[in-house]
Amino acid sequence: MRATGTATLRYWAAAREAAGTAEEQTDAVTLAAALSTAVAERGVDGDRLARVLLRCSFLVDGRQVGKRDPGTVPLDPGAVVEILPPFAGG
């Protein structure tokens, strides 16, 4: 069993707007659990964040997640998750 610890979620652009914050902490041990918790904590406003997250790419400690299943992406204590929506022109 992995040790739990706090990871940081950093939201950019449209994701920041949908989340209502630029950054938050989570105790989730996988990317999927962190994203699910972030959506659930927003109650009815979580639907908006969930829709944005479907279009986002993710970096965990500077490494691209790519097409991997978020449930298989571990978040070690102290991990930083960059949540990046598509940017115009790039």
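Everything discussed here concerns the structure shown above.
Calculation rules
Residues numbered from 1 in each chain as written. Predicted model: local features only at pLDDT ≥ 70, side-chain atom pairs only at ≥ 80, totals over all residues. Heavy atoms only, no water. Buried < 20%, exposed > 50% of the residue type's maximum accessible area, 1.4 Å probe, protein only. Helix = DSSP H or I, 4+ residues; strand = E, 2+ residues; numbered from the N terminus. Arc of directions from axis to C-beta. Contact = heavy atoms within 4.5 Å. Pairing = 2+ DSSP bridges.

**Observations regarding helix 3 (residues 46-53)**
So, step 1. All of the buried residues along helix 3 are Gly-46, Leu-49, Val-52 and Leu-53. One face of helix 3 carries all of its buried residues, which in axial projection span an arc of 120°.
So, step 2. The elements touched by buried residues of helix 3 are strand 1 (7-11), helix 1 (14-19), helix 2 (31-40), strand 3 (57-60) and strand 5 (80-84).

**Topic: the pairing of strand 1**
So, step 1. Counted residue by residue, strand 1 has four buried out of five residues, so it is predominantly covered.
So, step 2. In terms of strand pairing, strand 1 meets strand 2 (residues 23-26) through four bridges, oriented antiparallel. Its bridge partner lying in strand 2, Leu-9 is registered against Glu-24.
So, step 3. Note: strand 1 against strand 5, four bridges, orientation parallel. Residue pairing across strands places Arg-10 opposite Glu-82, the latter belonging to strand 5.

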